[in-house]
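Below are the chains, spelled out letter by letter.
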Amino acid sequence: MPAGADQPKFDYINGPAGVLEDFRLRKLPPIVIYVAIVGAVLSWIPLALIFRARYNTSTEPRIHFFQDMDNQTKFRPQDDNPLFADNRAMRPAVAGAVARGQLNEDDHFVNGYSLVTASNGSQEPQFFNRFPQSVQAQLDDPATAQALLLRGQNRFNIYCAACHGQDGQGKGPIHLRADELTRNGVQGMQWVAPSNLVDQDRRNRPDGHIYNTITNGIRNMGSYASQIAPADRWAIVAYVRTLQFAQSAKPEAVPADKQDVLK
Amino acid sequence: MNASKRKRFLFPRWVNFALPVLIVAVLGGGLYAPTLVTFGFSSSTIDVGYAPIQPVAYSHALHAGELGIDCRYCHSSVENAGFAAIPTTQVCMGCHTSVRNVSEKLKPVQESWETGKPIEWVKVHDLPDYAFFNHSAHVNSGVGCVSCHGRVDTMEVVYQAERLSMSWCIDCHRNPEKHLRPRDQVTNMQYKPEAKEGESELAAQLRVGKEIKEKYKIHDEAYMTSCSTCHR
């Protein structure tokens, strides 16, 4: 019997029958120990999963516990819509449709050529060899001319330099890679070297012809009309002309106050 | 002593040992549960790193990294529109009519080109529809792609690199200086402001960021953090 257990207040325990001490289970029952160990081990699993999720990428969709209005019944650009056979929510324009503000009122600005009837009766494009009035006006004013040419340079370096090179000579990174693949005999290479934009042939092309090359592509070069707006196409044409001029310019053409750049 | 008289109120002795175990369990659990909730429910765990399987094994590491094609060559609407357009098949075919045009990997692109059916890319970054986001507002204010999309030019497969949670948006809207750069550098994935002598990288960024914030007339904090800027 434990010490002090004989005091009167413990009579209810001691009672007439006395206490039988249970000596069999002094230690934790094994089941409690097992549960504790298993629990302690299992508790690491969520931690490990979290760790994995934080330091890895996953192809499983994100988990959003509260969906709320995350996905509303509306279409955002380039969403899919199973109502249509091609699953496109954004419908391609019906042939002949003209968006507001995009009516072709000026052949020169929008196409770079006008159609003339040739002697045999067919319609032939005749390319303009000057800039449209609105663009020419910008080029005539030194303040806006610089902005236009810088815009042209920026767009050229984004869309054209990959193939034609930043200097326009046709040695861009895509050409170098494609040329290498062709020489290594890789299957499926029909690479044609991009033209040198500063050679004599390209110098002789009318402005409208270069513009039309961007709009509709030429021979092995694709169209860039979907990526570049008409005003930017003209800015690129102006920049191509600048490259052509710069790469044949004599040192004397550099203004006196900029001469030291050449040294 | 017979069994019927032993119905006494008495804990078994092992309970003495259970008490410390219980204390450890309660303290441990008290730490464990909040840890689990904080990290488990955080957007860094459940949102970041999502990289769905795409219909074409297209690699940004090759095209944007190695070949150095500018982001805007393909995502051409990013400067003019809220939405950064995923390129059409025609954009791919500008090169792939003559580059590797019999490749297995490009089969779906060829098919799409012939049938006119678009390639169904899986959207990686996806804000809830009630949040308003606009690319042109950011790109034209000198926030680079890399601030929100990570080093896309090193990714074989695009994954979500940032949390895109509301707190993440607001962190930058409070202190945009840390992320601003000149407009012509927004697609440069490795842009670092030029540090003056003895200036740390962070100090240089903050200096340049402040100048640009002035120059581009970025709105003040009150406007940038007002609910109606992003929930309209």
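Whatever comes next refers back to the structure up there.
What comes next concerns the included structure. All of these numbers come straight from a predicted model, not from anything done at the bench. (Residues numbered from 1 in each chain as written. Chains lettered and ligands numbered in written order. Predicted model: local features only at pLDDT ≥ 70, side-chain atom pairs only at ≥ 80, totals over all residues. Heavy atoms only, no water.)

Some details on the overall build of chain B
Line of reasoning, step 1. Within chain B, the regular secondary structure consists of 12 helices and zero strands.
Line of reasoning, step 2. From first element to last, N terminus to C terminus, chain B shows the α and β order α-α-α-α-α-α-α-α-α-α-α-α.
Line of reasoning, step 3. Its C-alpha atoms give chain B a radius of gyration of 27 Å, more than 25% over the compact-globule value 17 Å for 232 residues.
Line of reasoning, step 4. Dimensions of chain B along its principal axes, counting C-alpha atoms only, are 100 × 50 × 40 Å. (Helix = DSSP H or I, 4+ residues; strand = E, 2+ residues; numbered from the N terminus. Rg over C-alpha atoms; globule rule 2.2 N^0.38 Å.)

Considering the environment of Phe 39 of chain B
Line of reasoning, step 1. Counting through the fold element by element, Phe 39 of chain B comes out in helix α1 (residues 15-40).
Line of reasoning, step 2. Setting aside residues no more than four positions away along its own chain, Phe 39 of chain B makes contact with Ile 50 and Arg 54 of chain A together with Thr 45 of chain B. (Contact = heavy atoms within 4.5 Å.)

Observations regarding the packing of helix α5 (residues 133-140) of chain A against helix α6 (residues 142-159) of chain A
Residues and elements named next belong to chain A.
Line of reasoning, step 1. Between α5 and α6, the shortest axis-to-axis distance is 5 Å and the interhelical angle comes to 110 degrees. Here α5 lies roughly perpendicular to α6, going by the angle between them. Together, Val 135, Ala 137, Gln 138, Leu 139 and Asp 140 of α5 and Pro 142, Thr 144, Ala 145 and Leu 148 of α6 make up the contact between the two elements.
Line of reasoning, step 2. For the contact of α5 with α6, the residue count by class is six nonpolar, two polar and one charged. (Axes fitted to C-alpha atoms, helices over the stretch in contact; angles between N-to-C directions. Parallel < 35°, antiparallel > 145°, perpendicular 65-115°, else oblique. Nonpolar A, V, L, I, M, F, W, Y, C, P; charged D, E, K, R; others polar.)

Some points on the pairing of strand β1 (residues 113-117) of chain A
All names here are of chain A.
Line of reasoning, step 1. Strand direction decides the pairing type here: β1 and strand β2 (residues 123-127), joined by five bridges, are antiparallel. When the sheet's bridge partners are listed, Ser 114 is paired in β2 with Gln 126.
Line of reasoning, step 2. As consecutive antiparallel partners, β1 and β2 are separated by five residues, and within that stretch Gly 121 has a phi angle of approximately 95 degrees, a positive value. (Pairing = 2+ DSSP bridges.)

A short note on the interface of chain B and chain A
Line of reasoning, step 1. Contact with chain B, which involves 61 residues of that partner, is made by 63 residues of chain A.
Line of reasoning, step 2. It is Arg 13, Trp 14 and Asp 129 of chain B that lose the most area in chain B upon contact with chain A, and together they represent 12% of the buried surface on that side.
Line of reasoning, step 3. At the boundary of chain B and chain A, one finds four salt bridges.
Line of reasoning, step 4. Arg 76 of chain A serves as the salt-bridge partner of Asp 126 of chain B, at 2.8 Å between the closest nitrogen and oxygen.
Line of reasoning, step 5. Along the contact surface separating chain B from chain A lie 22 residue pairs in polar contact (both at pLDDT 80 or more).
Line of reasoning, step 6. When contributions to the side of chain B that touches chain A are tallied by element, the ones reaching two or more residues are α1, α2 (43-46), α3 (60-66), α4 (71-74) and α5 (89-96) of chain B.
Line of reasoning, step 7. Sorting elements by how many residues they give to the side of chain B that touches chain A places α1 of chain B first, with seven residues.
Line of reasoning, step 8. Considering only residue class, the side of chain B that touches chain A consists of 33 nonpolar, 13 polar and 15 charged. (Buried area = accessible area lost by both parts, 1.4 Å probe. Salt bridge = Lys/Arg side-chain N within 4 Å of Asp/Glu carboxyl O. Polar contact = N/O pair within 3.5 Å; in protein donor to acceptor, adjacent residues only side chain to side chain.)

Focus: the packing of aromatic side chains
Aromatic ring pairs are described here by two measures, namely the spacing of the ring centres and the angle between the planes.
Residues and elements named next belong to chain A.
Line of reasoning, step 1. Going through the model one piece at a time under the given rule, you end up with nine aromatic pairs over all chains.
Line of reasoning, step 2. A ring pair is formed by Phe 51 and Tyr 55, whose centres lie 4.9 Å apart and whose planes are at 45 degrees; its orientation type is tilted. One end of the pair, Phe 51, and the other, Tyr 55, are both in helix α3 (residues 44-55), four residues apart, so they sit about a helical turn from each other.
Line of reasoning, step 3. For Phe 51, a relative accessible area of 55% translates into the label exposed.
Line of reasoning, step 4. What links up through ring pairs into an aromatic cluster is the set Phe 131, Tyr 211 and Trp 234.
Line of reasoning, step 5. Lying across the ring of Phe 84, Arg 91 places its NZ or CZ 3.8 Å from the centre. (Phe/Tyr/Trp six-rings, centres within 6.5 Å; stacked < 30°, edge-to-face > 60°. Buried < 20%, exposed > 50% of the residue type's maximum accessible area, 1.4 Å probe, protein only. Lys NZ or Arg CZ within 6 Å of the ring centre and 35° of its normal.)

Side note on the side chain of Asn 81 of chain A
All names here are of chain A.
Line of reasoning, step 1. Here Asn 81 lies in the loop between α3 and α4 (107-110).
Line of reasoning, step 2. Judged by its relative accessible area of 7%, Asn 81 is buried.
Line of reasoning, step 3. Apart from the residues lying within four places of it in its own chain, the contact partners of Asn 81 are Phe 75, Asn 87, Arg 88 and Ala 89.

Quick word on α5 of chain B
Line of reasoning, step 1. By the criterion of burial, α5 of chain B is predominantly enclosed, with seven of the eight residues buried.
Line of reasoning, step 2. Listing the buried residues of α5 of chain B in full gives Thr 89, Val 91, Cys 92, Met 93, Gly 94, Cys 95 and His 96 of chain B.

Structural notes on helix α10 (residues 207-216) of chain A
Residues and elements named next belong to chain A.
Line of reasoning, step 1. Judged by how many residues are buried, α10 sits mostly within the fold: nine of 10 residues are covered.
Line of reasoning, step 2. Taken together, the buried positions of α10 are occupied by Asp 207, Gly 208, His 209, Ile 210, Tyr 211, Asn 212, Thr 213, Ile 214 and Thr 215.
Line of reasoning, step 3. Turning to α10, the residues buried within the fold contact α4, β1, β2, α9 (200-204) and α11 (230-246).
Line of reasoning, step 4. Positive phi appears at Gly 217, one or two residues downstream of α10, with a value of about 75 degrees.

Topic: the environment of Pro 182 of chain B
All names here are of chain B.
Line of reasoning, step 1. Following the sequence through the fold, Pro 182 ends up in the loop between α9 (166-174) and α10 (201-215).
Line of reasoning, step 2. Between the C-alpha atom of Pro 182 and that of Arg 232, which follows or precedes it by 50 residues, the distance is 29 Å.
Line of reasoning, step 3. Those residues in contact with Pro 182, other than ones at most four positions away along the chain, are Tyr 191, Ile 212 and Tyr 216.

Regarding the environment of Ala 203 of chain B
All names here are of chain B.
Line of reasoning, step 1. Among the structural elements, Ala 203 can be located in helix α10.
Line of reasoning, step 2. By relative accessible area, Ala 203 is classed as partly exposed at 33%.
Line of reasoning, step 3. Counting along the chain gives 10 residues from Ala 203 to Pro 193, while the straight-line C-alpha distance between them is 9.7 Å.

Quick look at the side chain of His 175 of chain A
All names here are of chain A.
Line of reasoning, step 1. With respect to the helices and strands, His 175 occurs in helix α8 (residues 173-183).
Line of reasoning, step 2. A distance of 3.0 Å separates the side chain of His 175 from the side chain of Trp 191, its partner in a polar contact.
Line of reasoning, step 3. Those residues in contact with His 175, other than ones at most four positions away along the chain, are Ala 162, Cys 163, Gly 170, Trp 191, Ala 193 and Pro 194.

Considerations on the pattern of salt bridges
All names here are of chain B.
Line of reasoning, step 1. The full count for this structure, using the stated rule, is 18 salt bridges over all chains.
Line of reasoning, step 2. Among the salt bridges present, the one from Arg 207 reaches Glu 199, with a minimum N-O distance of 2.9 Å.
Line of reasoning, step 3. For Arg 207, a relative accessible area of 22% gives the class partly exposed.
Line of reasoning, step 4. We classify Glu 199 as partly exposed; its relative accessible area is 22%.
Line of reasoning, step 5. A salt bridge links Arg 207 to Glu 211, with the nearest nitrogen and oxygen atoms 3.9 Å apart. Placement of the pair is Arg 207 and Glu 211 together in helix α10, with a separation of four residues, close to one helical turn.

Observations concerning the nonpolar core
Line of reasoning, step 1. By size, the foremost hydrophobic cluster in this structure holds 36 residues, and its most contacted members are Phe 156, Ile 174, Ile 236 and Val 237 of chain A together with Tyr 73 of chain B.
Line of reasoning, step 2. Contributions of two or more residues to this core are made by α6, α7 (161-164), α8, α10 and α11 of chain A together with α4 and α5 of chain B.
Line of reasoning, step 3. By residue number, the principal contributor to this core is α11 of chain A, which donates eight residues.
Line of reasoning, step 4. When residues no more than four places from it in sequence are discounted, the contact partners of Ile 236 of chain A are Gly 152, Arg 155, Phe 156, Cys 160, Ile 214 and Ile 228 of chain A. (Core = buried A, V, L, I, M, F, W, Y, C linked by side-chain atoms within 4.5 Å.)

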